[in-house]
Amino acid sequence: MASPEKVSPRDRLLDAAGRLSYRDGVSVGIEALCREAGVSKRSMYQLFDSKDAMLAASLERRIPGYEARLAHPDPEAATPRERILYVFERLERASVDADYHGCPYLAVLVELKDPEHPATKVARGVKQRLTDAFRAEAERGGARAPDLLARQLVLVFDGASARAGAKVEHLDDGLATTTVTALLDAAGMD
């Protein structure tokens, strides 16, 4: 890992925006972001048009890691059912971490409520890609109604991650995968 002096101010701001907005919400102040990043407000505004643009860029930057964590480690060998269940197994494992606050992309959608906000657009894209991935797996696995199953799976994913993130539900007992297994069975998935 690069030493703090070698990390660019832009990257430090994006990292700080990711950490603080996930922990404290998207309403975190510019001063707190700049202090966390060790960057002046003036420098921040030279790098980004606005805090909104910085938040969107931070979310965009985290997409590859987020999607990689949900991807089955051996997708060629796994069945569509196994690839879907893996997403929920990962959710269950992540949910027990003390610093787990739910899906960062769902949190942005819930907090901002503005469909035109740049961060909302990024978050919607991520959630749509998850829905599309579930739909593709449902089709490959022979589900009777792949569109409906994909919507149900996202509903379980978002609900489980929100409840676990709010610390009102514990997923370490396999509740999410058990629920998804029932949905996959009901949909006639192999």
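To keep things clear, this report deals only with the structure shown in the data block. (Residues numbered from 1 in each chain as written. Predicted model: local features only at pLDDT ≥ 70, side-chain atom pairs only at ≥ 80, totals over all residues. Heavy atoms only, no water.)

### Quick look at empty space enclosed by the protein
Step number 1: Applying the stated criterion across every chain, the model contains one cavity of 30 Å³ or more.
Step number 2: Approximately 40 Å³ is the volume attributed to the largest cavity.
Step number 3: Around the largest cavity sit Ala 17, Ser 21, Val 26, Val 28, Leu 33, Lys 51 and Leu 55, which together line it.
Step number 4: Counting only elements with at least two residues in the lining of the largest cavity, the list comes to helix 1 (9-24) and helix 4 (51-70).
Step number 5: When its residues are assigned to classes, the lining of the largest cavity shows five nonpolar, one polar and one charged. (1 Å grid on protein atoms, 1.4 Å probe; cavity = no way out; pocket = protein on both sides within 12 Å on 5 of 7 lines; lining within 4 Å. Points joined across faces, edges and corners; volume = space filled by probe spheres on them. Helix = DSSP H or I, 4+ residues; strand = E, 2+ residues; numbered from the N terminus. Nonpolar A, V, L, I, M, F, W, Y, C, P; charged D, E, K, R; others polar.)

### Observations concerning helix 8 (residues 146-165)
Step number 1: If you check helix 8, its first and last C-alpha atoms are 28 Å apart, about what 20 residues at 1.5 Å a residue would give, namely 28 Å.
Step number 2: Among the residues of helix 8, those classed as buried are Pro 146, Leu 149, Ala 150, Leu 153, Val 154, Val 156, Phe 157, Asp 158, Ala 160, Ser 161, Ala 164 and Gly 165.
Step number 3: On the buried face of helix 8, the contacting elements are helix 4, helix 5 (80-95), helix 6 (104-112), helix 7 (118-140) and helix 9 (175-186).
Step number 4: The positive-phi residue at the C-terminal boundary of helix 8 is Lys 167, with phi of around 65°. (Expected span 1.5 Å × (residues − 1). Buried < 20%, exposed > 50% of the residue type's maximum accessible area, 1.4 Å probe, protein only. Contact = heavy atoms within 4.5 Å.)

### A closer look at the environment of Asp 185
Step number 1: The topology assignment puts Asp 185 in helix 9.
Step number 2: Using a relative accessible area of 46% as the deciding quantity, one classes Asp 185 as partly exposed.
Step number 3: Asp 185 sits 114 residues away from Ala 71 along the chain, and the two C-alpha atoms are 21 Å apart.
Step number 4: Sequence-distant contacts of Asp 185, defined by excluding residues within four places in its chain, comprise Arg 81 and Arg 144.
Step number 5: Here Arg 81 takes part through its side chain, which lies 2.4 Å from a polar atom of the side chain of Asp 185. (Polar contact = N/O pair within 3.5 Å; in protein donor to acceptor, adjacent residues only side chain to side chain.)

### Remarks on the layout of surface pockets
Step number 1: Roughly 580 Å³ of volume is contained in the largest pocket.
Step number 2: Taken together, 20 residues make up the lining of the largest pocket; nearest its centre are Tyr 22, Tyr 66, Arg 69, Tyr 100 and Pro 104.
Step number 3: Counting residues per element, the ones that place at least two in the lining of the largest pocket are helix 1, helix 4, helix 5, helix 6 and helix 8.
Step number 4: If you tally residues by element for the lining of the largest pocket, the top one is helix 4, at five residues.
Step number 5: Across the lining of the largest pocket, the residue classes tally to ten nonpolar, four polar and six charged.
Step number 6: Taken as a whole, the second largest pocket holds about 370 Å³ of empty space.
Step number 7: Residue lining of the second largest pocket: 16 residues in total, with Glu 67, Leu 70, Ala 71, Val 87 and Ala 133 positioned closest to the centre.
Step number 8: Those elements giving two or more residues to the lining of the second largest pocket turn out to be helix 4, helix 5 and helix 7.

### Some points on helix 7
Step number 1: Over its 23 residues, helix 7 runs 33 Å from end to end, which matches the ideal 33 Å to within 8%, given 1.5 Å per residue.
Step number 2: Of the residues making up helix 7, those classed as buried are Ala 119, Thr 120, Val 122, Ala 123, Val 126, Lys 127, Leu 130, Thr 131, Phe 134, Glu 137 and Ala 138.
Step number 3: Against helix 4, helix 5, helix 6 and helix 8 lie the buried residues of helix 7.
Step number 4: Directly beyond the C-terminal end of helix 7, a positive phi value near 80° is found at Gly 142.

### What to know about the pattern of salt bridges
Step number 1: Enumeration according to the criterion identifies 14 salt bridges in this entry.
Step number 2: Notably, a salt bridge pairs Asp 15 with Arg 61, separated by 2.9 Å at the nearest N-O pair. Residue Asp 15 is found in helix 1, and its partner Arg 61 is found in helix 4; the two are separated by 46 residues along the sequence.
Step number 3: Residue Asp 15 is classed as partly exposed on the basis of its relative accessible area of 32%.
Step number 4: A salt bridge links Asp 132 to Arg 135; its shortest N-O distance comes to 2.9 Å. Here the residue Asp 132 and the residue Arg 135 both occupy positions in helix 7, the gap between them amounting to three residues, near one helical turn.
Step number 5: Classification of Asp 132 by relative accessible area gives partly exposed; the value is 33%.
Step number 6: The exposure class of Arg 135 is partly exposed, given its relative accessible area of 23%.
Step number 7: A single salt-bridge network, built from bridges that share partners, covers Asp 11, Asp 15 and Arg 61. (Salt bridge = Lys/Arg side-chain N within 4 Å of Asp/Glu carboxyl O.)

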